Amino acid sequence: MTNRNLENKNILLAVSGSIAAYKAVDVASQLIKQGANVNVAMTEAATKFITPFTFKTLTGNVPFLDMWDINTPSKERHIELAHSADLMIIAPATASTIASLAYGLADDSVSLCALSTEAPRLIAPAMDHQMWNNSATQTNINKLKARGDIIIGPDYGRLASGDFGLGRLSSTEEIVSETKARAGKMYGDLAGKHIVITAGGTREPMDPVRFLGNRSSGKMGYAVAEAARDRGSDVTLISSVSRPLIKGVNIINAETTAEMFQKVQEATKNADALIMAAAVSDFRFKDINKNKIKNKDKDMDVSLTPNPDIIASIKGDIIKIAFAAEINDMEKFALQKLKSKKVDFIIANDVSNPAIGFNSDNNKVVIFSNTGDQINLPLMPKIDVGHEILNSLKKRF
Ligand SMILES: Cc1cc2nc3c(=O)[nH]c(=O)nc-3n(C[C@H](O)[C@H](O)[C@H](O)COP(=O)(O)O)c2cc1C
């Protein structure tokens, strides 16, 4: 399994005549960066907003504009594109194109391809808020949803008219993320598996404003979640931090270790694997002050009490992976943890190195398995570390 789940996938990107059509260039560019082969279909109105030449230069493929073009090299270009597409994205989708799709029209390049393809269709509407809220558009959208089309957005924000409202084209990140989520379900090697992942550092309250915490940013857990989503698994991410949402991942908030304990217990009831990337606090305050503790200008003693051991408490037919963030004797402590927690793998990293670990986009880890194997990975982006962890996990399924 490649780390890029859109690698070599044929994506048919259909562009209709919205002022947001220029953003489709970025969508095409990002899809190509993910390794996809992108073909573009454009309505006539779309060509008023953005030139087909831009897409030709970017994708290396001549956009499909006119079904009556005598010079087209193929017998039936729309059939060729519709049949070869693994996924079709319509972005931006105008009110008019949405209506065409809802009614099954096939009178322009976009609606013709859309009606001819069996590939899943992802539709990202963009229009003024009155057009979006119009019951005609809403009825059409509901029809498309009921037929299984995936509707992305639209987002709330400033519109071309200057008004604020619902109707903005979703961001490129969101459109690509949804595309990857869908591709994962179709082709992913972990499709059908449910993986529970924890992320972030827990916060143990001392009083209403103070807490005991740690430096975990949650980036590692989120990266594993994204990798698992890309590979098609159902992902529950239990997180103590606010980070950008990952399309297709069920994110549950848990601030304290006790909350995380409870959420993990519930989520793992029907899970195949648990990956604990969160840095949970081993202790919490024995007493939590109801009111803010006032400065008394003298020493203060506080009592801490141990928190429950989340991963050790999870029993049954589930593969368990824990992280060990160490600053010295990494291997010794990681191997001790592997035994004491009775987990299948320990992912050990040296958090004293500022180039890796907390808040970094990269990490350098060693994967220790309970069968005695050890994989020393080089420094790499956290998303790639996520894939390496999943490669090890997959061998146990
Ligand atoms: C400046 C301008 C901006 C437009 N922006 C949008 C838009 O964002 N969304 C939309 O649904 N229609 C928009 N329209 C109207 C569509 O371009 C028009 O309905 C057209 O027939 C759509 O054709 P198509 O769906 O075949 O591309 C706009 C029209 C103009 C002149």
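Note that the structure is a prediction, hence the values are computed from the model and not measured.

**A look at the overall build of the protein chain**
Consideration 1: What the protein chain contains, in helices and strands, is 14 helices and 21 strands.
Consideration 2: Summarising its shape, the C-alpha atoms of the protein chain cover approximately 80 × 50 × 35 Å along the three principal directions.
Consideration 3: A burial count over the protein chain gives 50% of its 397 residues as buried.
Consideration 4: Contacts in the protein chain between residues at least 24 apart in sequence constitute 67% of all its contacts with a sequence separation of at least 6.
Consideration 5: Per element, the accessible surface of the protein chain, about 19,200 Å² overall, is 49% carbon and sulfur.
Consideration 6: Distance between charge centroids for the protein chain: 4 Å, based on 47 positive and 44 negative side chains.

**Topic: the domain arrangement of the protein chain**
By a widely used convention, the size of an interface equals the accessible area lost when the partners come together.
Consideration 1: Along its sequence, the protein chain is carved into domain 1 (10–183) and domain 2 (189–394).
Consideration 2: Interface of domain 1 and domain 2: buried area, both sides summed, is about 490 Å²; carbon and sulfur atoms make up 47% of it.
Consideration 3: Broken down residue by residue, the surface that domain 1 buries against domain 2 is led by S177, K180 and A181, which jointly contribute 67%.
Consideration 4: Note that E178 and K247 form a salt bridge whose closest N and O atoms lie 3.6 Å from each other.

**A look at the sheet that holds strand 3 (residues 87–93)**
Consideration 1: Taken in spatial order, the five strands of this open sheet run 2-1-3-4-5, and their pairing is parallel. The two strands at the open ends of the sheet, each matched to only one other strand, are strand 2 (37–42) and strand 5 (150–151).
Consideration 2: In the packing of helix 1 (residues 23–33) onto the sheet, contacts are made with strand 1 (10–15), strand 2 and strand 3, and the angle to strand 1 comes to roughly 175 degrees.

**Details of the side chain of K9**
Consideration 1: Along the chain, K9 turns up in the segment before strand 1.
Consideration 2: Those residues in contact with K9 that sit more than four places away from it in its chain are G35, A36, N37, D86 and Y187.

**Quick look at the pairing of strand 3**
Regular strands place side chains that alternate from one sheet face to the opposite one.
Consideration 1: Most of strand 3 sits inside the fold, with seven of its seven residues counted as buried.
Consideration 2: Relative to strand 3, strand 1 is paired through four bridges, and the arrangement is parallel. Across the sheet, A14 pairs through a bridge with I90, a residue of strand 3.
Consideration 3: Pairing of strand 3 with strand 4 (residues 121–125), which is carried by four bridges, proceeds in the parallel orientation. Residue pairing in the sheet places M88 in a bridge with R121 of strand 4.

**Looking at the pairing of strand 2**
Consideration 1: The element strand 2 is extensively covered by neighbouring structure, given that five of its six residues are classed as buried.
Consideration 2: Relative to strand 2, strand 1 runs parallel, the two sharing six bridges. For L13, the partnering residue across the bridge sits in strand 2 and is V40.
Consideration 3: For the crossover from strand 1 across helix 1 to strand 2, the handedness is right-handed.

**A few points about helix 1**
Consideration 1: Residues of helix 1 that are buried: A24, V25, V27, A28, S29 and L31.
Consideration 2: Where helix 1 is buried, its residues meet strand 1, strand 2, helix 3 (52–59), strand 3 and helix 9 (172–187).
Consideration 3: In the stretch just after helix 1, G35 is the one whose phi turns positive, near 95 degrees.

**Some remarks on the site of the ligand**
Consideration 1: In the vicinity of the ligand there are 15 residues, among which G17, T43, T94, T97 and A126 approach most closely.
Consideration 2: Separating an oxygen atom of the ligand from a backbone N or O atom of G17 is a distance of 2.6 Å.
Consideration 3: Note that an oxygen atom of the ligand is positioned 2.8 Å from one of the backbone N or O atoms of A95.
Consideration 4: Here the ligand, which alone exposes 640 Å², has 61% of that area covered by the protein.
Consideration 5: Ranked by the residues each element gives to the shell around the ligand, the list is headed by helix 5 (residues 95–103), at three residues.

**A short note on the nonpolar core**
Consideration 1: Counting 31 residues, the largest nonpolar core has I195, I197, I275 and I389 as its most contacted members.
Consideration 2: Every element with two or more residues in this core is listed here: strand 8 (194–199), helix 10 (219–230), strand 11 (234–239), strand 13 (273–276), strand 16 (319–326), strand 17 (345–350), strand 19 (365–369) and helix 14 (382–394).
Consideration 3: Looking at which element gives the most residues to this core, the answer is helix 10, with six residues.
Consideration 4: Leave out the neighbours within four places in its chain, and I197 touches G221, V224, A225, A228, V235, T236, L237, I238 and I275.
Consideration 5: Membership of the second largest hydrophobic core comes to 30 residues, among which are L6, A21, I50 and I175.

Conventions used here
Residues numbered from 1 in each chain as written. Predicted model: local features only at pLDDT ≥ 70, side-chain atom pairs only at ≥ 80, totals over all residues. Heavy atoms only, no water. Helix = DSSP H or I, 4+ residues; strand = E, 2+ residues; numbered from the N terminus. Buried < 20%, exposed > 50% of the residue type's maximum accessible area, 1.4 Å probe, protein only. Contact = heavy atoms within 4.5 Å. Areas by Shrake-Rupley, 256 points an atom, 1.4 Å probe, with all protein chains shown as cover. Lys, Arg positive; Asp, Glu negative; His and termini not counted. Charge placed at Lys NZ, Arg CZ, Asp CG, Glu CD. Domains from an automatic or database assignment. Buried area = accessible area lost by both parts, 1.4 Å probe. Salt bridge = Lys/Arg side-chain N within 4 Å of Asp/Glu carboxyl O. Pairing = 2+ DSSP bridges. Axes fitted to C-alpha atoms, helices over the stretch in contact; angles between N-to-C directions. Right-handed = clockwise from strand over helix to strand, strands pointing away. Near = heavy atom within 4 Å. Polar contact = N/O pair within 3.5 Å; in protein donor to acceptor, adjacent residues only side chain to side chain. Core = buried A, V, L, I, M, F, W, Y, C linked by side-chain atoms within 4.5 Å.

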